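Chain residues, written in single-letter form:
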Amino acid sequence: MKTHWTFLLALAAPWVPPVAAEDAQPAAPPPRIVFIALDAVPYEVVAELTDEERGEAAIFRRFKPPVPLISTFPSTSNLAFGGILERLGVEHSPGYESRFFDRRANRRRGGGPRSYFRIRFPWRDFFDWRTTSLFRKTMRGFHPVRSNLRAIDRSLEAFLASEQRVYFIYYGGTDLLGHMHGPRALEAVLRGLDRDLEELRRRTPNQPFYAVLFSDHGQAGGTPLKNVRRDLKQALAAAGYRVAGRLRGPRDVVFMPYGLVSSLVLFTREGEERPVAEIAASTAGVEFCVAASAGGWQVESRRGSAEIRRRDGDGIPRWSYRRLSGDPLQLGPLLAAAGDGEVWRSDRWWLRATRDRAFPDPLYRISRAFDLVDNPASVICSLAPGHMYGAIKTELLARISIGRLRWTHGALERQASLGFVLSDLPGWQPDGAVRFSDALAPFARPAGLEVIRAQAEAARAADRSRSGH
Ligand SMILES: [Zn+2]
């Protein structure tokens, strides 16, 4: 594992693993924990397949029921894994996608098959075993179910061969499978993983382990998606802006089309954020756009505009959502009783009040959209259902291999946003949906404390053997 587990020491309040009593034999090794990240597996799919009403047909039957993991906004991998793993000491990604705008160099970088390995995305390096998620490269001639099952086999063998007590695995192929064939197609992969984990347990009765399965976001759609790129470009040009690769003049706007996702980021010169957000939000297929402003975050949409603000008094973070006109985030019903003025509510209140709504946990997620990458955008937009944004090249490649793309993620809405967490670790008792940044916290303690304990134990043993000589 390539991270600072000592960081977890800070989190490690006294915690006694519930298994300690059973494992009272001094010779028994402590159970291992394997974390398995399945890119883009929606909560809905896992909830349905694990439903106990299915009886024998249900999968992951030794696990507790899954909970939704509310992803970042945009609900895309680089951002989401940066956010999910940040409490484990993993640094953020340089950009929203593999191809990103480098602000200091004032140019676009990355995205090619070679730079995929050259430019560092810390979350990728964090995993002990991983498959790549090169969308373009693997689109053609890819046998998605078969290659996912092969990845599962290989990764579990690597886990078995490893000496590490805590092991992190990442599968990127599930994202591609979902994009190509929809989330239903994931059933074969999830069943394969369940089967292989059970098989591994049978093969290693003296090496017990727990598993934590999770995904970084969902997958939404079902109908052919329309690329908004051309309309957006036209709208900006009509308003006197120039779509460019660098920011030279005040009217330059940098586009970053790469994969095919339901969100988009724009880079502008300072001071142009708000007008550009307004123009972009007026484009057909764009749900809303956000720009960071001095006092908070400005939301623009065809349904009106609003302002988000954050306040950290008396140790409790609070958010306000003030409608300037209309109600772009559809939060009016929640605040109806409070009238039209500025209403402050605690962070916890917002999470609970919005986790079952169309836009789950919107205020926190929008604010983090600007600080979860090293090169934050000037304007970030969420697309309406039925729409996507991305490079023409990627779109054509998709058409050749699968026809028009029907499934993607990136938007703030719930289908694209809800990943899952599932575990058989004793004592894991999740309460409703979890936010991306909190999702692994319940596991960090047992996993981290045990690792630190084991290390301390190994150091003591080494001391003993030295002093014995
Ligand atoms: Zn992903």
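Here, every reference points to the structure presented above.
Cut-offs used in this document
- Residue positions are counted from 1 within each chain, in the order its sequence is given.
- In view of the model being predicted, local features appear only for residues whose pLDDT reaches at least 70, and side-chain atom pairs are presented and counted only at 80 or more, with totals across whole chains, interfaces and linings using the full set of residues.
- Runs of H or I in DSSP of at least four residues are treated as helices and runs of E of at least two as strands, each being numbered from the N terminus.
- Counting other C-beta atoms within 10 Å of a residue's C-beta gives its exposure: the residue is buried at 20 or more, exposed at 12 or fewer, and partly exposed in between, where C-beta atoms are placed from the backbone.
- Here contacts are defined at the residue level, using C-beta atoms placed from the backbone and a cut-off of 7 Å between them.
- Helix axes use the C-alpha atoms of the stretch in contact, all axes being lines fitted to C-alpha atoms, and the angles between their N-to-C directions lie in the range 0 to 180 degrees.
- Working rule for angles: under 35 degrees goes down as roughly parallel, over 145 as roughly antiparallel, 65 to 115 as roughly perpendicular, anything else as oblique.
- The handedness criterion is simple: a crossing whose near helix is rotated anticlockwise from the far helix by less than a right angle is left-handed, and one whose near helix is rotated clockwise is right-handed.
- Note on pairing: two strands pair once DSSP finds at least 2 bridges between them.
- For a helix, the expected span equals 1.5 Å multiplied by the number of residues minus one.
- The directions considered for the arc run from the helix axis to the C-beta atoms.
- In plain words, the nonpolar core is the set of buried Ala, Val, Leu, Ile, Met, Phe, Trp, Tyr and Cys residues that C-beta atoms within 7 Å link up.
- The domain limits used here are those given by an automatic or database domain assignment.

A. Examining the overall build of the protein chain more closely. Assigned secondary structure in the protein chain consists of 17 helices and 22 strands. In the protein chain, which comprises 469 residues, the proportion classed as buried is 46%. In the protein chain, 74% of the contacts between residues at least 6 apart in sequence involve partners at least 24 apart.

B. The arrangement of the packing of helix H7 (residues 144-161) against helix H9 (residues 187-203) in detail. Put simply, H7 and H9 touch, their axes get as near as 10 Å, and they point 25° apart. In terms of orientation, H7 lies roughly parallel with respect to H9. Judged by the sense of rotation from one axis to the other, the crossing of H7 with H9 is right-handed. Each of Val145, Asn148, Leu149, Ile152, Asp153, Leu156 and Leu160 in H7 lies in contact with H9, whose residues at this interface are Ala188, Val189, Gly192, Leu193, Asp196 and Leu200.

C. The environment of Ala47, seen in detail. Structurally, Ala47 can be placed in helix H2 (residues 43-50). In this structure Ala47 comes out as partly exposed when scored by C-beta crowding, with 16 C-beta atoms within 10 Å. C-alpha of Ala47 to C-alpha of Ala58: the two residues are 11 residues apart in sequence and 9.8 Å apart in space.

D. A look at the sheet that holds strand S14 (residues 297-301). Overall, mixed pairing links the nine strands, which are arranged S10-S11-S12-S18-S13-S14-S15-S16-S17 in an open sheet. Each edge of the open sheet is held by one strand with a lone partner, namely strand S10 (242-244) and strand S17 (344-346). This sheet shows a mean twist of 25° between the axes of neighbouring strands, independent of strand direction. In this sheet, strand S18 (residues 379-383) lies alongside strand S13 (residues 286-292) in antiparallel orientation, the contact comprising five bridges. Bridge pairing in S18 places Val290 opposite Ile380. The strands touched by helix H13 (residues 347-354) within the sheet are strand S16 (316-326) and S17, with S17 carrying the most contacts at an inclination of about 85°.

E. Structural context of the pairing of strand S6 (residues 166-171). Burial runs high along S6: six of the six residues are buried. Residue alternation in S6 divides its side chains into two sets, Val166, Phe168 and Tyr170 and Tyr167, Ile169 and Tyr171, and both sets are buried. Relative to S6, strand S1 (residues 32-38) is paired through six bridges, and the arrangement is parallel. Each residue of the ladder has a partner; that of Val34, found in S6, is Tyr167. Relative to S6, strand S5 (residues 129-130) runs parallel, the two sharing two bridges. The residue bridging Arg130 from the neighbouring strand is Tyr170, located in S6.

F. Examining H9 more closely. When the terminal C-alpha atoms of H9 are compared, their 24 Å separation across 17 residues agrees well with the 24 Å that a helix rising 1.5 Å per residue should span. Looking only at H9, the buried set comprises Val189, Leu190, Leu193, Asp194 and Leu197. Summarising the axial view, the buried residues of H9 lie within an arc of 140°, below the 170-degree limit, and thus occupy one face. Of the exposed residues in H9, the ones pointing more than 90 degrees away from its buried face are Glu199, Arg202 and Arg203. Of the surrounding secondary structure, the elements contacted by the buried residues of H9 are H2, H7, helix H8 (173-181) and strand S7 (209-214).

G. View of the sheet that holds S7. The sheet built from seven strands is open, its strands ordered S5-S6-S1-S7-S21-S2-S22 with mixed pairing. The sheet terminates laterally at S5 and strand S22 (434-435), the two strands that pair on one side only. Here strand S2 (residues 67-70) runs beside S22; their pairing, made up of two bridges, is parallel. Bridge pairing in S22 places Leu69 opposite Val434.

H. Spatial organisation of the nonpolar core. Ile169, Leu266, Ala280, Cys289, Val290, Val379 and Cys381 are the most contacted members of the largest nonpolar core, which totals 123 residues. Built from parts of two domains, this core gets at least three residues from each of domain 1 (6-13 + 32-219 + 414-459) and domain 2 (226-408). With sequence-adjacent residues up to four places away left out, Leu266 is seen in contact with Val253, Val254, Phe255, Val276, Ala280, Ala377, Ser378 and Val379.

I. Quick peek at unusual backbone geometry. At the junction of Phe73 and Pro74, the peptide bond is cis and its omega measures out at -10° in the coordinates. Even without glycine at this site, Asn106 takes up a positive phi of about 50°. Topologically, Asn106 is positioned in the loop between strand S3 (100-102) and strand S4 (107-109). In this structure Asn106 comes out as partly exposed when scored by C-beta crowding, with 13 C-beta atoms within 10 Å.

J. Representation of the pairing of S1 in the model. Buried residues dominate S1, accounting for seven of its seven residues. In S1, alternate side chains face the same way, and those of Arg32, Val34, Ile36 and Leu38 on one face and Ile33, Phe35 and Ala37 on the other are all buried. Summarising the sheet, S1 and S7 pair through six bridges and their orientation is parallel. Bridged to Ile33 within S7 is Tyr210.

K. Here's a closer look at the environment of Ala57. You can see Ala57 is positioned in the loop between H2 and S2. Spatially, the C-alpha atoms of Ala57 and Arg191 are 9.9 Å apart, while their sequence positions differ by 134 residues.

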